[in-house]
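Here is how the chains run, residue by residue.
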Amino acid sequence: MFPVSDESRLVVSPVAHYVRLLRRGWWLVVVCMVVSVGLAVVYTARQTRVYESSARILLTELRRSDTVSVERVEGTDRLVQNQIELLLSDPVGKVVKRKIADPASVAAHGESGADVIRVTASGASPANVAATANAYADAFIQLETRSDVARSAATAEVLTRNLADVNTKLGFLDGALAETDRQIAAAESPEVRQSLVEQRSNALANQQNLRNELNSSQAYYTRQLAELDLNGTVAGGSGAQLLDRATAPLDPSSPSLRRNVLLAAALGVLLGIGLLLLRDYLDDSITSREELEEEVGGLPVLGVIPFADAKDLDPLAPVDADPMVREALRTLRTSVTFSTFDQGVRVISVTSPMAGEGKSTIVANLATLLAAANESVLIVCCDLRRPRVQRFFDEPIDPGLTSMIIGKCAKDEVIRHLRVPGRVDLITAGIVPPNPSELLMLGRTKALIAEVGAGYDWVILDSPPVLPVADAMVIARLADATLLITNAATTTRRQLKRTLKQLDQVETVILGVVLNGASNRHDDTYGPYY
């Protein structure tokens, strides 16, 4: 037993709540996933298939250690980008269109870390995209070959002209020295000859420096011409080479059925979980034991009574009653017995948040089942506004509790011995008074209940609902403990919280909580066995 405000009550972990939520609503997640996958398959089937094929081109000019070019390009990345622009230019496109009437669309990009251009064609025909990619690669290489030949020829012409200029300058230096030697030989005066010799020495030193520079230039130009010829560029070599030819693809690049199905499945699962969370947020009902335990924290759930027809809930237990329902009621009886064992609890009030949640039915069945276990039970109908418990036993409503409280009848006149196995007696409500709460609050009411219940093992007070009227809180003070009944079809979380709060205001001891009218879909405690 727990006081309503007992701080030792457990708080349900949010993780446990979501695990239970997913366990109950897994079918919604599966349905959303299946529908999403189905839509993805239909969408994929209706899309036009697009095929892709690629050819790879190696830029061999970038791989030469010391390539000679009239125009120097700074940076490999920039050169690759320039070559890509050339590949996608109109001259290359015109060459391709002369080979292929309807070429596919083409894109190109450089491969990271390599001097390689990948040209990719995409379209609806596998053969056409392969032919287009190869045509662009071939046209680019041909254009690059012609460009290399032109550049190499121009470079060779410049080198040859520079080399000729160097040879001319060297010849001029040799001629100048020969003229100086002739003037020295023809000089008649020793002074003139001495002056010419000194001039020759100075000119020879200067000319030697210039000769060294010219000889270096001559050697450089000669070496470059030799390397240019060795690389074969003058002979028609190319700065680009085809690495891989494009082949006709077997499978389309888009739409991808596998990718679309996996993406749709993931989105379907997320959608299902989202709908599950939204439903949980909007749904204020309590339909299972787990949900009830979450709401009441550490308060014990003493029983879960399945939804059943009136005959299955008849306290007189007909022969053809549903065994699952009867077993659930027996479980409730056992839970109540053990919950109150050695606790000094004899008087129990049974209430619910709202009317129509089955508390009177639970009272009638609990009393007869306790009697079947050789316990003596007195039922006192304290619902002075809408009494119902007497209907289960076909007893008249008057005289009853109100007659005894106002002193109109003695206790022996209001106690009815019911025709059920064991000892079950009943005090009905009596005539409905105009002021039920004030009547129940009279000091003699508690004394009368204690007096009439002295000879019984159990006294069960059938109380009105808590939220509509204040009677239930008055009756809770007359009992040792309170059994709270909720209904899976009508009780909301908000109502349950308000009920517990109001019972807490009168320091009620809660014996436990019962979920009535539970669906077998939400609680299969007895289903697999029966």
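Everything discussed here concerns the structure shown above.
1. Regarding the overall build of the protein
Part 1 of the reasoning: Secondary structure summary: the protein contains 15 helices and 13 strands in total.
Part 2 of the reasoning: Evaluated residue by residue, the protein yields a buried proportion of 45% over its 530 residues.
Part 3 of the reasoning: Partitioning the intrachain contacts of the protein with sequence separation of at least 6 by distance along the chain shows that 81% fall at a separation of at least 24.
Part 4 of the reasoning: Within the structure as shown, the protein displays about 27,800 Å² of accessible surface, and the carbon and sulfur contribution to it stands at 55%.

2. A short note on the environment of Ala-130
Part 1 of the reasoning: Locating Ala-130 in the fold gives a position in helix H4 (residues 126–186).
Part 2 of the reasoning: A relative accessible area of 7% places Ala-130 in the buried class.
Part 3 of the reasoning: Taking the C-alpha atoms as reference points, Ala-130 and Pro-103, 27 residues apart in sequence, are found 9.9 Å from one another.
Part 4 of the reasoning: Contact partners of Ala-130, with chain neighbours within four places excluded, come to Ser-53, Ala-246, Thr-247 and Ala-248.

3. Notes on the sheet that holds strand S3 (residues 105–110)
Part 1 of the reasoning: The strand order across the open sheet formed by 4 strands is S3-S4-S2-S5, and the pairing between neighbours is antiparallel. With one partner strand each, in any of the chains shown, S3 and strand S5 (241–244) form the two edges of the open sheet. Adjacent strand axes in the sheet meet at a mean angle of 30 degrees, parallel and antiparallel pairs treated alike.
Part 2 of the reasoning: Note: S3 against strand S4 (residues 116–123), 6 bridges, orientation antiparallel.

4. Quick word on the nonpolar core
Part 1 of the reasoning: Core analysis: the biggest nonpolar cluster contains 61 residues, and Val-336, Ile-379, Leu-401, Ile-427, Leu-461 and Leu-483 have the highest contact counts within it.
Part 2 of the reasoning: Top contributing element to this core by residue count: helix H9 (residues 359–372), with 8 residues.
Part 3 of the reasoning: When near neighbours in sequence (up to four residues on either side) are disregarded, Leu-401 contacts Val-380, Cys-381, Cys-382, Leu-384, Ile-427, Thr-428, Ala-429, Gly-430 and Leu-440.
Part 4 of the reasoning: Grouped together as the second largest cluster of nonpolar side chains are 28 residues, Val-80, Ala-108, Ala-121 and Ala-139 included.

5. Some points on the environment of Gly-274
Part 1 of the reasoning: Its location among the elements puts Gly-274 in helix H6 (residues 257–282).
Part 2 of the reasoning: The exposure class assigned to Gly-274 is partly exposed, which follows from its relative accessible area of 34%.

6. A few points about the pattern of salt bridges
Part 1 of the reasoning: What the rule picks out here adds up to 16 salt bridges.
Part 2 of the reasoning: One salt bridge connects Asp-471 with Arg-385, and the closest N-O pair in it is separated by 2.8 Å. Of this pair, Asp-471 sits in helix H14 (residues 471–478) while Arg-385 sits in the loop between strand S8 (377–381) and helix H10 (401–405); the two residues are 86 residues apart in sequence, bridging distant segments of the chain.
Part 3 of the reasoning: Exposure remark for Asp-471: the relative accessible area of 0% places this residue in the buried category.
Part 4 of the reasoning: The residue Arg-416 makes a salt bridge to Glu-395 at a minimum N-O spacing of 3.5 Å. Taken together, the residues Arg-416 in strand S9 (residues 415–417) and Glu-395 in the loop between S8 and H10 connect sequence positions 21 residues apart. You'll find Arg-416 and Glu-395 in the same group, each marked buried.
Part 5 of the reasoning: A single salt-bridge network, built from bridges that share partners, covers Arg-24, Glu-291, Glu-295 and Arg-493.

7. Re the packing of helix H1 (residues 14–46) against H6
Part 1 of the reasoning: Two numbers describe how H1 lies on H6: the axes approach to 6 Å, and their chain directions differ by 145 degrees. Between H1 and H6 lies a crossing whose hand is right-handed.
Part 2 of the reasoning: Residue classes in the contact of H1 with H6 are distributed as 22 nonpolar, 7 polar and 2 charged.

8. A closer look at a nonpolar patch on the surface
Part 1 of the reasoning: A surface patch of nonpolar side chains, amounting to about 670 Å² of accessible area, comprises Trp-26, Trp-27, Val-30, Val-31, Val-34, Val-35 and Leu-39.
Part 2 of the reasoning: According to the relative accessible area criterion, Trp-27 is partly exposed, its value standing at 38%.

9. A look at unusual backbone geometry
Part 1 of the reasoning: With an omega dihedral of -5 degrees, the bond running from Ser-254 to Pro-255 counts as a cis peptide bond.
Part 2 of the reasoning: Structurally, the position occupied by Pro-255 is in the loop between S5 and H6.
Part 3 of the reasoning: Asp-398 connects to Pro-399 through a cis peptide bond whose omega is 0 degrees.
Part 4 of the reasoning: Counting through the fold element by element, Pro-399 comes out in the loop between S8 and H10.

The rules behind the values
Residues numbered from 1 in each chain as written. Predicted model: local features only at pLDDT ≥ 70, side-chain atom pairs only at ≥ 80, totals over all residues. Heavy atoms only, no water. Helix = DSSP H or I, 4+ residues; strand = E, 2+ residues; numbered from the N terminus. Buried < 20%, exposed > 50% of the residue type's maximum accessible area, 1.4 Å probe, protein only. Contact = heavy atoms within 4.5 Å. Areas by Shrake-Rupley, 256 points an atom, 1.4 Å probe, with all protein chains shown as cover. Pairing = 2+ DSSP bridges. Axes fitted to C-alpha atoms, helices over the stretch in contact; angles between N-to-C directions. Core = buried A, V, L, I, M, F, W, Y, C linked by side-chain atoms within 4.5 Å. Salt bridge = Lys/Arg side-chain N within 4 Å of Asp/Glu carboxyl O. Left-handed = near helix turned anticlockwise from the far one by under 90°. Nonpolar A, V, L, I, M, F, W, Y, C, P; charged D, E, K, R; others polar. Patch = residues over 30% accessible without salt bridge, like charges linked within 9 Å, V, L, I, M, F, W, Y side chains within 5 Å.

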